[in-house]
Amino acid sequence: MAAVKQTFFQECEEQLAELETGLLAMERGEAESDTVNAVFRAVHSIKGGAGAFSLGDLVQFAHVFETTLDHVRNGALEPTADVMAVMLRAADLLADLVAAARDGHAVDSGRSEVLVAELTALSPGGADAGAEEEDDMSDFSFTPVSVAFDFSDTPAVAGRSYTITFKPRPELYAKGNETALVLRELERLGQLETSCDASGLPQLAELDPEGAYLEWTMRLTTEKGEDAIREVFEFVEWDSSLTIQASDADGDADSGAGSTEDAFAALLRSIQADETSLPATTADIIPLPLAEEREAVAEVDAQPAKAVAARNGEGSANANAGAPQTIRADLERVDRLIDLVGELVINQAMLSQRVMEAGHVPGSAVALGLDELEHLTREIQDCVMAIRAQAVKSVFQRIPRLVREVAGMTGKQVRLITDGEGTEVDKTVIDRLNDPLTHMIRNAIDHGLEKPEVRVAAGKPAEGVVRLSAMHRSGRIVIEVADDGAGINRARVKAIAAEKGLIAADAVLSDEEIDNLIFLPGFSTASEVSNISGRGVGMDVVKRSIQSLGGRLSITSRPGKGSTFTMSLPLTLAVLDGMVVTVADQTLVVPLTAIIETLQPKAADVHGLGGGARVIAIRDTFTPLIDVGRELGFRTTATDPLAAVAILVETEGGRRSALLVDTIQGQRQVVIKSLESNYRHVPGIAAATILGDGRVALIIDVDTVIANSQSDATILEPVLAAAG
């Protein structure tokens, strides 16, 4: 049960994500029936699962939320802005209740009571309706009667007819389920005739308030299949007696479709008749719906597409067509698999090295076999990494809630635009994106966007825009947070930095350098401490978080137009393609994604500048030359550029430099090993790897090397500008 409960909470995360997505769409005025059905089904699914585990607080609140949503589905309640505000708060509370049930803590009951009252007040008749129902119940004197509901005025529906008998048990009501909602769901499938048998209802003195005495018989004509009917009963079937029988044109029951009990009875009769006639698998005997339910409980086969279709009110007959089948796998097992693939890559490289040292010629059978092994290893590695790939949507979908909260606290009108939610990246990167993005979104709203009245005075719309986008670029993932606010007030930023002692008062800084002051520890432009900002902890934390992932963070800003923060991150923290080079007898790796080209410097192209700096002329452009060996401390004297190899690289910000190395060994795929976790942080070094000969090689952090070099662009800009 612990494993099943864990699966329930995993599915709750998916349901909550769909719930928030649907509510936000409804808030934007997109209250189509499919959207409303998806929202309702999400809450209904959470309630049904919570009832199975006796999570009372969660069941009770979800029940009230579900009832209010049902009024929206029926057209009795309009999804106005005020209504959606209450429902979005209800979704937040529902998420907190799920987290509380998962982690074993409680949620403030007062908060739940307030939202229950608000949701109830939204229902037709408001709180008075609920009170009237209670008063009516107190005056009941029971006499067994036969009740029938006639839907004969409903237009005839083409399709097959099903006879359904449904008798709830007390457990069904204890878990917050309602017969009325089940009947209403059935009516959506087609033409429904319903009768209620109340003959089992006792006299009032013998009545158990928590008992169940009614039995329902229904005849449903629908174009949907039996699977669609069973989905209506998916959370109540085990707490009731249920039979579903298909009828032919004459109304005779089809013996091929019966209840769960009928299926087992048929199985027993088959065994007693002739044990040798049993089919090869029980799946051949048990009707498909039962087999599917057993597979779902055992988690042998999950069908997300079917679940999504069900939540949208669609029949499952069309959901399975072409739907990919998936399985749930423990993340630790996937991590272990990736580690083993990494070791496979290293051992394959070692084997190739040994064969080369043994003197085997490239065209030999052994060499050809190694080439094939290398290709297979690469394909295995790509497939395994694809398992870890996850869309950034899982992070992006949390941002709308954050935007609502911060906008409310700041009194600003904010519209969030997201783009590239389907962009995939390694899950290890995904898991560590939440905190940096949270800081950046809060910063964009609090510091970037102006107050509505200020925007209007400046000729802008009162509503500010924050754009969050993701894309693949040059083998990396780039995430941008942009706003159309006032931009960075550079004079104020510089003054605050000087006041805090972060820079000298008379420091001469470029616009880019001033912008980057906001990443210094302790820097804040907030005039007072609030729940959002002002404590001097923010963008410096963001930058360190991004750098710990092997990423880079840059900023561009235009006064009066807004600012854009750009994060560039590796697609994976496991492997990379690199150029293996030699520098001062040390073997280093330069990430291939940063390399533009390699060249042999010529005397006529190399020019010396003051302070030992040098540039190289490449296609009528002067590019700084950086001696990697000297920069990293492998040697104290500068290397001769004419005896070295220049690797032209480009930073994320578009700045180009030429790295001087002694020789190039070749291109190779390497397994990334964290240097910080195994040793400590080394400036200019991003990580380490193990080569085919067993030695450790350092992976260069190209951006840091360029930024820390003596020939940085801040020194060369005046000279290069003068040179044309």
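Position numbers for residues start from 1 in each chain and track the written sequence from start to end. The predicted nature of this model means local features are confined to residues of pLDDT at least 70 and side-chain atom pairs, given and counted, to a pLDDT of 80 or more, with totals for whole chains, interfaces and linings taken over all residues. Note that the side-chain values use all heavy atoms of the structure and ignore hydrogens as well as water.

## Comments concerning the packing of helix H19 (residues 434-448) against helix H23 (residues 539-548)
A fitted line through C-alpha atoms represents every axis, and for helices the fit uses only the stretch in contact; the resulting angles, taken between N-to-C directions, go from 0 to 180 degrees. Strands are runs of DSSP state E lasting at least 2 residues, helices are runs of H or I lasting at least 4, and numbering of each runs from the N terminus. Interaxial distance between H19 and H23 falls to 9 Å at its minimum, and their mutual angle equals 145 degrees. Crossing geometry of H19 relative to H23 is assigned as left-handed. Together, Pro436, His439, Met440 and Asn443 of H19 and Met539, Val541, Val542, Ser545 and Ile546 of H23 make up the contact between the two elements. Looking at side-chain class alone, the contact of H19 with H23 contains 6 nonpolar, 3 polar and no charged residues. By convention, the crossing between two helices is left-handed when the near helix turns anticlockwise from the far helix through less than a right angle, and right-handed when the turn is clockwise. What makes two residues a contact is simply this: any of their non-hydrogen atoms within 4.5 Å. Lys, Arg, Asp and Glu make up the charged group, whereas Ala, Val, Leu, Ile, Met, Phe, Trp, Tyr, Cys and Pro make up the nonpolar group; the residues left over, Gly among them, are polar.

## Comments concerning the sheet that holds strand S16 (residues 606-608)
Pairs of strands are assigned from DSSP output, requiring at least two bridges between the strands. In spatial order, the strands read S15-S19-S20-S18-S17-S16; together these 6 strands make up an open sheet with mixed pairing. This sheet does not close on itself; its edge strands, each paired only once, are strand S15 (595-599) and S16. The mean inter-strand angle of the sheet, taken between neighbouring strand axes irrespective of direction, is 30 degrees. Pairing geometry for S16 and strand S17 (residues 614-618), over 3 bridges, is antiparallel. The residue of S17 that forms the bridge with His607 is Val615.

## Notes on the environment of Arg455
Structurally, Arg455 is set in helix H20 (residues 452-457). Burial status follows relative accessibility: with a 1.4 Å probe on protein chains alone, a residue under 20% of its type maximum counts as buried, one over 50% as exposed, and anything between as partly exposed. Of the residues examined, Arg455 reaches a relative accessible area of 1% and is grouped as buried. Arg455 sits 105 residues away from Gly560 along the chain, and the two C-alpha atoms are 9.9 Å apart. Leave out the neighbours within four places in its chain, and Arg455 touches Leu449, Glu450, Lys460, Pro461, Ala462, Glu463, Gly464, Asp484 and Gly485. N or O atoms closer than or at 3.5 Å make up a polar contact, with two conditions inside protein: a donor-capable atom paired with an acceptor-capable one, and, for residues adjacent in sequence, both atoms drawn from side chains. A polar side-chain atom of Arg455 sits 2.7 Å from the main-chain carbonyl oxygen of Pro461.

## Thoughts on empty space enclosed by the protein
A 1.4 Å probe that fits but cannot get out identifies a cavity on a 1 Å grid over protein atoms alone, an open set with protein on both sides within 12 Å along at least five of seven lines counts as a pocket, and a residue lines either if it has an atom within 4 Å of a point. Grid points are joined across faces, edges and corners, and a volume is the space filled by probe spheres set on the points. One pass over the full model with this rule turns up 2 cavities of 30 Å³ or more. Empty space within the second largest cavity amounts to approximately 50 Å³. What lines the second largest cavity is simply His44, Lys47, Asn177, Glu178, Leu181, Val182, Glu185, Val232 and Val236. Sorting the residues of the lining of the second largest cavity by element identifies helix H2 (33-52) and helix H8 (179-187) as the ones contributing at least two each. In terms of residues, the lining of the second largest cavity owes the most to one element, H8, which gives 3 residues. Looking at the lining of the second largest cavity residue by residue, the class counts come to 4 nonpolar, 2 polar and 3 charged.

## Quick word on the side chain of Ser161
Inspection of the secondary structure puts Ser161 in strand S2 (residues 160-168). A polar side-chain atom of Ser161 sits 3.1 Å from a polar atom in the side chain of Thr221. Once you skip the residues sitting within four places of it in the chain, Ser161 turns out to touch Arg219, Leu220, Thr221, Gln245, Ala246 and Ser247.

## Here we look at helix H1 (residues 2-27)
Over its 26 residues, H1 extends 37 Å from the first C-alpha to the last, a length consistent with the 38 Å expected when each residue adds 1.5 Å. Count one or two residues on from H1 and you reach Gly29, which has phi positive near 95 degrees. Any helix carries an expected span of 1.5 Å times its number of residues minus one.

## Comments concerning unusual backbone geometry
Backbone geometry at Ser54 places phi at a positive 55 degrees, although glycine is not the residue there. When you line up the elements, Ser54 lands in the loop between H2 and helix H3 (56-73). Owing to a relative accessible area of 65%, Ser54 belongs among the exposed residues under this scheme.

## Considering the confidence of the model for the protein chain
The predicted model of the protein chain has a mean per-residue pLDDT of 77, with 80% of residues at 70 or higher. Every residue carries a pLDDT, the predictor's confidence in it, which falls somewhere between 0 and 100. The secondary-structure element of the protein chain with the lowest mean pLDDT is helix H11 (residues 288-298), recorded at 36, while H20 shows the highest, at 92. Contacts for the low-pLDDT stretch residues 130-152, under 50 throughout, to residues beyond four places or in other chains number 24 contacts. Contacts from residues 255-323, a stretch scored under 50 in pLDDT, to residues over four places away or in other chains number 79 contacts.

## Some words on the pairing of strand S4 (residues 215-222)
Across 7 bridges, the pairing between S2 and S4 is antiparallel. When the bridges of S4 are listed, Arg160 appears paired with Thr222. Here 8 bridges tie strand S3 (residues 190-197) to S4, and the two strands are oriented antiparallel to one another. If you follow Ser195 over to S4, its bridge partner there is Thr217.

## Thoughts on the sheet that holds strand S11 (residues 552-558)
Ordered by their spatial adjacency, 5 strands build an open sheet running S7-S9-S10-S12-S11, and the pairing between neighbours is mixed. With partners counted over all chains shown, the strands left at the sheet margins are strand S7 (413-419) and S11, one partner each. Each strand of the sheet is rotated relative to its neighbour by a mean of 15 degrees, with strand direction disregarded. Pairing analysis gives 8 bridges linking strand S10 (residues 476-483) to strand S12 (residues 562-570), with the strands arranged antiparallel. Its bridge partner lying in S12, Ile477 is registered against Leu569.

## So, the packing of aromatic side chains
Classification of ring pairs uses Phe, Tyr and Trp, with its six-membered ring standing for Trp, and accepts pairs whose centres are within 6.5 Å; under 30 degrees between planes counts as stacked, over 60 as edge-to-face, and the remaining range as tilted. Inspection of every chain in the model, using the stated rule, returns 5 aromatic pairs. Centroid distance Phe8 to Phe9: 5.1 Å. Interplanar angle 55 degrees. Geometry classified as tilted. Taking the relative accessible area as the measure of exposure, Phe8 reaches 8% and is therefore buried. When the centroid spacing of 5.5 Å and the interplanar angle of 40 degrees are considered together, the rings of Phe8 and Phe53 count as tilted. Residue Phe8 is found in helix H1, and its partner Phe53 is found in the loop between H2 and H3; the two are separated by 45 residues along the sequence.

## Things to note about the pattern of salt bridges
Pairing is possible between side chains that carry opposite charge, provided their charged atoms lie close to one another. Salt bridge, as used here: a side-chain nitrogen of Lys or Arg that lies within 4 Å of a carboxyl oxygen of Asp or Glu. For the structure shown, the criterion picks out 26 salt bridges. A salt bridge links Asp70 to Arg184, with the nearest nitrogen and oxygen atoms 2.0 Å apart. With Asp70 in helix H3 and Arg184 in helix H8, this pair connects stretches of sequence that are 114 residues apart. On the accessibility criterion, Arg184 (30% relative accessible area) is partly exposed. As a salt-bridge pair, Arg635 and Asp627 come within 3.1 Å of each other at their nearest N and O atoms. As far as burial versus exposure is concerned, Arg635 and Asp627 are alike and both buried. Salt bridges here are not isolated pairs; linked through shared partners, they connect Glu20, Asp92, Asp96, Arg111, Arg401, Arg404 and Glu405.

## Describing the side chain of Ser240
With respect to the secondary-structure elements, Ser240 resides in strand S5 (residues 240-247). Looking at Ser240, the relative accessible area reads 3%, which means it is buried. Sequence-distant contacts of Ser240, defined by excluding residues within four places in its chain, comprise Phe166, Lys167, Pro168, Arg169 and Leu172.

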